[in-house]
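Take a look at the letters that make up each chain.
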Amino acid sequence: FRRVLFRSWAASHTGVAGSLLAAPVAPNGAALSKLTEGAGAANTHVLMQGAAVPAGLPLTFSFYAQAAERGTVLAQVNDGGWSEGFRAAFDLSQGTVSWAANGFGGLSGAQAGMEALGGGLYRCWVSGQFTGAATSATASVFLMQGGTWQYAGDGSSGVWLGNTQLETGTGP
């Protein structure tokens, strides 16, 4: 296991539009996709992808992101049973980690960071290590509004997202 590049996601109250003419471009030349929130009552607006991982090794989830109508995302990695994980929120408008990385379910020592790539594009990452012998993980990106990941969406607002990957190690 070295790296998993996510190409297909499970979506909940979100949509993804790819290869748009106005899409920002990542440093590797790939166009980002727009993660768009669903409309309606308060809910989470999230993309998630599961992967097999080696037990006992630190993991890093990273991606390129740029603000559109929404400016904050939450990145989270949890074990296959959703009993522990690590997460951080990224303010794409200010270029800051707006929630310090934190663990849940007994996990500690999570880390997070952002790298400015120019033109409002950032590489965001969060790292941690499960305390148990987990051999599967789910990486998620939640849209946020007003400091929460559960809100009523308008059906069109979102962020630009691309080059999502999960890899072993303590940083990208």
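Residues numbered from 1 in each chain as written. Predicted model: local features only at pLDDT ≥ 70, side-chain atom pairs only at ≥ 80, totals over all residues. Heavy atoms only, no water.

A. Geometry of the pattern of salt bridges. If you walk through the whole model with that rule in mind, you get three salt bridges. Between glutamate 69 and lysine 34 there is a salt bridge, and its shortest N-O distance comes to 2.8 Å. Here glutamate 69, found in the loop between β7 (59–67) and β8 (72–79), pairs with lysine 34, found in strand β4 (residues 33–37); they are 35 residues apart in sequence, far enough to count as distant. The exposure class of glutamate 69 is partly exposed, given its relative accessible area of 44%. Taking relative accessible area as the criterion, lysine 34 reaches 12% and is therefore assigned buried. One salt bridge in this structure joins arginine 70 and glutamate 37, with 2.9 Å as the shortest N-O distance. Placement of the pair is arginine 70 in the loop between β7 and β8 and glutamate 37 in strand β4, with a sequence separation of 33 residues. Classification of arginine 70 by relative accessible area gives buried; the value is 13%. Residues joined in a network through salt bridges with shared partners are Glu37, Arg70 and Asp154. (Salt bridge = Lys/Arg side-chain N within 4 Å of Asp/Glu carboxyl O. Helix = DSSP H or I, 4+ residues; strand = E, 2+ residues; numbered from the N terminus. Buried < 20%, exposed > 50% of the residue type's maximum accessible area, 1.4 Å probe, protein only.)

B. Structural detail: empty space enclosed by the protein. If you walk through the whole model with that rule in mind, you get one cavity of 30 Å³ or more. Approximately 30 Å³ is the volume attributed to the largest cavity. Along its surface, the largest cavity is lined by Pro54, Gly56, Leu57, Phe130, Gly132 and Ala134. (1 Å grid on protein atoms, 1.4 Å probe; cavity = no way out; pocket = protein on both sides within 12 Å on 5 of 7 lines; lining within 4 Å. Points joined across faces, edges and corners; volume = space filled by probe spheres on them.)

C. Up close: the side chain of aspartate 79. Checked against the element boundaries, aspartate 79 lands in strand β8. Buried and without a salt bridge, aspartate 79 has arginine 87 as its closest oppositely charged side chain, separated by 11 Å. Once residues lying within four places of it in the same chain are set aside, the contact partners of aspartate 79 are Glu84, Phe130, Ala134, Ser136 and Ala137. (Lys, Arg positive; Asp, Glu negative; His and termini not counted. Contact = heavy atoms within 4.5 Å.)

D. Seen up close, the environment of leucine 161. Turning to its location among the elements, leucine 161 is positioned in strand β15 (residues 158–168). Taking the relative accessible area as the measure of exposure, leucine 161 reaches 8% and is therefore buried. Linking leucine 161 and alanine 67, residues 94 residues apart in sequence, is a C-alpha distance of 9.0 Å. In contact with leucine 161, other than residues within four places in its own chain, are Leu32, Ser33, Leu35, Leu47, Phe63, Tyr64, Ala65 and Val141.

E. Geometry of the environment of leucine 107. Relative to the assigned elements, leucine 107 resides in the loop between β10 (96–104) and β11 (111–118). Take leucine 107: its relative accessible area is 5%, and that puts it in the buried class. Sequence separation between leucine 107 and glycine 128 is 21 residues, and the spatial gap between their C-alpha atoms is 7.9 Å. For leucine 107, the contacting residues outside a window of four places in its chain are Glu84, Gly85, Phe86, Gln129, Phe130 and Thr131.

F. Seen up close, the side chain of arginine 70. At a separation of 2.9 Å, a polar atom in the side chain of arginine 70 contacts the side chain of glutamate 37. Sequence-distant contacts of arginine 70, that is, excluding residues within four places in its chain, are made with Glu37, Met144, Gln145, Tyr151, Asp154, Ser157, Gly158 and Val159. (Polar contact = N/O pair within 3.5 Å; in protein donor to acceptor, adjacent residues only side chain to side chain.)

G. Quick look at unusual backbone geometry. The residue asparagine 163 is not glycine, and still its phi comes out positive at about 50°. Mapped onto the fold, asparagine 163 is located in strand β15. For asparagine 163, a relative accessible area of 25% corresponds to the partly exposed category.

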